Amino acid sequence: MAALQVHFLLIPSLMSIMGAAQYVMQDAALLSYIDQRFLSLEKRVEKCSQDLLEYLDEFREFSKGVLSRLARLSTDKAELKGEVEHLLMRVEHAQRDIDYFGSVMDSNACVEVHEDLQKQQLLEEAEEKKRLKLMLNASCDHMLVGIRSLKVVKKTGGKHGSWMKDPGKKHAKIYLLSGSVNNVVLEFANIMAFMENNQTLKARRVPLPVPWEGTGQVIYQGFLFYHRHGSLNEIVKFHLQRRGIADQMLLPGAGRIPAYQLSPQTKIDLALDEQGLWALHAEPETGGNIVLTKINPVAMAVEHSWDTPCSSRDAEAAFMACNTLHVVYNSPSGGSSRIQCVYDVLGALNAHTNPGLHFPKRQGGHSSIHYNPKEKQLFAWGDGSQILYKLHTEQKV
């Protein structure tokens, strides 16, 4: 019985010892595996170091080769530079020889070429004059030689403004545009209605969608043409009966400086004569001289431009008459207005000073002067007065 008890006590002990031995064997196998892995990693690191050393050796050899090639390239560059300099020297010598032989050759051929160029230039100038005459329908055969008399029709409005009739229409309506910035045109039935004391009450008011700037407006064939206020160089074409804008255009180069020094409110001055619509302005590039432009009023496009020798300095206004620009000058303090520069675009008259054309019986400046080709007289605005000037003309020589 006692032996049986001892037997039962030994069985658990033996099992415990066997389990511990099994764990020891597993730990030994794990340590052996880890040791093998470390050995493998060491071999790989050693191989990587060897590969790196071999790469460094190859890179050193490659660097030596590149430096050697760069040295040879520098030598070749120096040789090429010497050859180019030698070639340039030979070209220079050849050029000197060519110049020498050219100087000793007969110059008759050059003279002939020069004469041909002159002939071609004269032909081109003649063609250009012919084209301009056709464009301008050169029916004007008279020139302005004097201003005979004046008539103060009315005194209304402020210092600046313009008034006119439509030379392209048969009616006798009078239009009044008061102020250098405004958007209302007053239309009168005729000159008698305009001259009445309460003329503003009988006038038809025509509001504009955008106001004008300056005093350079014109009315032609039922349309009002004017420089739009707030724009640099936009010209508006306004239908007076339909009361709407029909078209507009930009006038190149205009609007940066006043057209006339003594009328700084006007940057673009529009004008009418026997040939239609013109625009006058000054540009800094011309030294302040007046630039004259012919405008097609239907297409609202530039047809031709001329840089005139007429200065805008001390000028107060200008007008067109029979293809000819007439610039009116005065003194800054006010005085007798006079035409001092005349420019004919067709060249029949050279631009010249003409101090003999004085405006009669009046002291003071003009805000605007517009020529009416139908009635052959000037519609002027002077210090708030609306004035008519009759003109004296003679046949062109």
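Data block above holds the structure.
Residues numbered from 1 in each chain as written. Predicted model: local features only at pLDDT ≥ 70, side-chain atom pairs only at ≥ 80, totals over all residues. Heavy atoms only, no water.

Some remarks on the overall build of the chain
1) Next: When its secondary structure is counted, the chain shows 4 helices and 20 strands.
2) Next: Of all 397 residues assigned to the chain, the portion counted as buried reaches 38%.
3) Next: Taking contacts inside the chain between residues at least 6 apart in sequence as the whole, the part at least 24 apart equals 52%.
4) Next: Summing over all exposed atoms, the chain offers an accessible surface of approximately 23600 Å²; the carbon and sulfur share of this is 58%. (Helix = DSSP H or I, 4+ residues; strand = E, 2+ residues; numbered from the N terminus. Buried < 20%, exposed > 50% of the residue type's maximum accessible area, 1.4 Å probe, protein only. Contact = heavy atoms within 4.5 Å. Areas by Shrake-Rupley, 256 points an atom, 1.4 Å probe, with all protein chains shown as cover.)

Digging into the side chain of glutamine 386
1) Next: Inspection of the secondary structure assignment puts glutamine 386 in strand S20 (residues 385-395).
2) Next: Polar contacts involving the side chain of glutamine 386 include one to the main-chain carbonyl oxygen of threonine 156, which spans 3.1 Å.
3) Next: Polar side-chain contacts of glutamine 386 include one of 3.2 Å to the backbone oxygen of glycine 384.
4) Next: Setting aside residues up to four positions removed in sequence, glutamine 386 forms contacts with Lys151, Val152, Val153, Lys154, Lys155, Thr156, Trp163, Leu176, Phe194, Ala380 and Trp381. (Polar contact = N/O pair within 3.5 Å; in protein donor to acceptor, adjacent residues only side chain to side chain.)

What about the sheet that holds strand S1 (residues 142-155)?
1) Next: Reading across the sheet, the 4 strands line up as S1-S20-S19-S18 and stay open at both edges, with antiparallel pairing between neighbours. If you trace the sheet from one side to the other, it starts and ends with S1 and strand S18 (368-372), each paired once. When strand polarity is set aside, the average angle formed by the axes of neighbouring strands in this sheet is 20°.
2) Next: By the bridge criterion, 5 bridges tie S18 to strand S19 (residues 377-382) in an arrangement that is antiparallel. Its bridge partner lying in S19, serine 368 is registered against tryptophan 381. (Pairing = 2+ DSSP bridges. Axes fitted to C-alpha atoms, helices over the stretch in contact; angles between N-to-C directions.)

With respect to the pattern of salt bridges
1) Next: For the coordinates displayed, the defined rule picks out 10 salt bridges.
2) Next: Between lysine 173 and glutamate 187 there is a salt bridge; the shortest N-O distance is 3.6 Å. Of this pair, lysine 173 sits in the loop between strand S2 (161-164) and strand S3 (174-178) while glutamate 187 sits in strand S4 (residues 181-188), and the two are 14 residues apart along the sequence.
3) Next: The exposure class of glutamate 187 is buried, given its relative accessible area of 7%. (Salt bridge = Lys/Arg side-chain N within 4 Å of Asp/Glu carboxyl O.)

Let's talk about the state of the cysteines
1) Next: Throughout the structure, instances matching the rule amount to 1 disulfide.
2) Next: Put simply, cysteine 310 and cysteine 341 are joined by a disulfide, and their sulfur atoms are 2.1 Å apart. For the disulfide bridge between cysteine 310 and cysteine 341, the dihedral angle about the S-S bond is near -75°, and by the sign convention the bridge is left-handed. Within this pair, whereas cysteine 310 is found in strand S13 (residues 301-311), its partner cysteine 341 is found in strand S16 (residues 338-344), the two being separated by 31 residues in sequence.
3) Next: Using a relative accessible area of 8% as the deciding quantity, one classes cysteine 341 as buried. (Disulfide = S-S within 2.5 Å.)

Regarding the nonpolar core
Within soluble globular proteins, side chains that are nonpolar generally end up buried alongside one another.
1) Next: Judged by nonpolar contacts, the single largest core of 19 residues is most densely connected at Trp278, Leu280, Leu292, Leu325 and Val327.
2) Next: Where this core is concerned, the elements lending two or more residues are strand S11 (276-282), strand S12 (289-296), S13, strand S14 (315-321), strand S15 (324-329) and S16.
3) Next: One finds Ala317, Ala321, Val342 and Tyr371 within the second-largest nonpolar core, a separate group that totals 17 residues. (Core = buried A, V, L, I, M, F, W, Y, C linked by side-chain atoms within 4.5 Å.)

Remarks on the packing of aromatic side chains
1) Next: The tally for this structure, following the rule as stated, stands at 7 aromatic pairs.
2) Next: Between tryptophan 278 and tryptophan 306 the ring centres are 5.8 Å apart and the planes differ by 40°, which places this aromatic pair in the tilted class. Here the residue tryptophan 278 occupies a position in strand S11, and tryptophan 306 occupies one in strand S13, the gap between them amounting to 28 residues. Like tryptophan 306, tryptophan 278 is buried.
3) Next: Of the aromatic side chains, those joined through ring pairs into one cluster are Trp163, Phe188, Phe194 and Phe379.
4) Next: Seen from the ring of phenylalanine 223, lysine 237 lies directly overhead, with NZ or CZ sitting 4.4 Å from the centre.
5) Next: Against the face of tryptophan 278 rests lysine 294, its NZ or CZ located 5.7 Å from the ring centre. (Phe/Tyr/Trp six-rings, centres within 6.5 Å; stacked < 30°, edge-to-face > 60°. Lys NZ or Arg CZ within 6 Å of the ring centre and 35° of its normal.)

Quick look at the side chain of serine 368
1) Next: Along the chain, serine 368 turns up in strand S18.
2) Next: Ignoring sequence-local partners within four residues, the contact set of serine 368 consists of Gly161, Ser162, Thr215, Phe379, Ala380 and Trp381.

Quick look at the environment of glycine 364
1) Next: Within the element layout of this structure, glycine 364 appears in the loop between strand S17 (357-358) and S18.
2) Next: Here the alpha-carbon distance between glycine 364 and serine 331, two residues 33 residues apart in the chain, equals 9.2 Å.
3) Next: When sequence neighbours within four positions are dropped, the list of residues in contact with glycine 364 reads Asn330, Gly335, Ser337 and Asp383.

Quick word on the sheet that holds strand S7 (residues 223-227)
Sheet strands line up and pair through hydrogen bonds in the backbone, either parallel or antiparallel.
1) Next: Pairing is antiparallel in the open sheet, where 4 strands are placed in the order S6-S7-S8-S9. The open sheet is flanked by strand S6 (218-220) and strand S9 (244-250), the only strands paired with a single partner. Geometrically, the sheet is characterised by an average inter-axis angle of 25° between neighbouring strands, direction not taken into account.

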